[in-house]
Amino acid sequence: TFSRDFKTMYFTRNNMYKGVQKADAKGVVRLKIYEAKAGPIDWMDVREMPFNSDEYSCLHPSLSADGNKLYFASDMPGGQGGFDIWVSQRSPQG
């Protein structure tokens, strides 16, 4: 998903460690959501979102029209079971 100005992208990719897929103790490769900023030629400043974990997956990001909420699916603890829809609110910039 992209911000309205197309300068920020949120995407899902496999849990990686130094360029290699990272599996948990059961051999499951989890998914994580990342943010990237548009650079002059390619995407840059790729960073993992803070709600990600090696214990569960986060995927299918969708940004609200105002850009302040990121909706995503996750099997993180505290949901209704299986994959649930979660929302992350952008923190005010100080």
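Just so you know, these numbers come straight off a predicted model, no measurement behind them. (Residues numbered from 1 in each chain as written. Predicted model: local features only at pLDDT ≥ 70, side-chain atom pairs only at ≥ 80, totals over all residues. Heavy atoms only, no water.)

**Topic: the overall build of the chain**
At step 1: Across its full length, the chain holds zero helices and eight strands.
At step 2: Secondary structure elements of the chain occur, N-terminal to C-terminal, as β-β-β-β-β-β-β-β.
At step 3: Across its three principal axes, the chain shows a C-alpha extent of roughly 40 × 30 × 25 Å.
At step 4: In the chain, the share of contacts with a sequence separation of at least 24, taken over all contacts with a separation of at least 6, comes to 33%.
At step 5: When the accessible surface of the chain is summed, it comes to about 6400 Å², and 54% of that surface belongs to carbon and sulfur atoms.
At step 6: Where the 12 positive side-chain charges of the chain centre and where its 11 negative ones centre are 2 Å apart. (Helix = DSSP H or I, 4+ residues; strand = E, 2+ residues; numbered from the N terminus. Contact = heavy atoms within 4.5 Å. Areas by Shrake-Rupley, 256 points an atom, 1.4 Å probe, with all protein chains shown as cover. Lys, Arg positive; Asp, Glu negative; His and termini not counted. Charge placed at Lys NZ, Arg CZ, Asp CG, Glu CD.)

**What about the pairing of strand E4 (residues 31–38)?**
At step 1: Alignment of strand E1 (residues 8–14) against E4, held across seven bridges, turns out to be antiparallel. Of the residues in E4, the one forming a bridge with Asn14 is Leu31.
At step 2: Where E4 lies against strand E5 (residues 43–48), four bridges are found, and the strand directions are antiparallel. Residue Glu35 lies in a different strand from E5, and its bridge partner there is Arg47.
At step 3: Between E4 and E5, which pair antiparallel in sequence order, lie four residues. (Pairing = 2+ DSSP bridges.)

So yeah, pure geometry; function would need other evidence.
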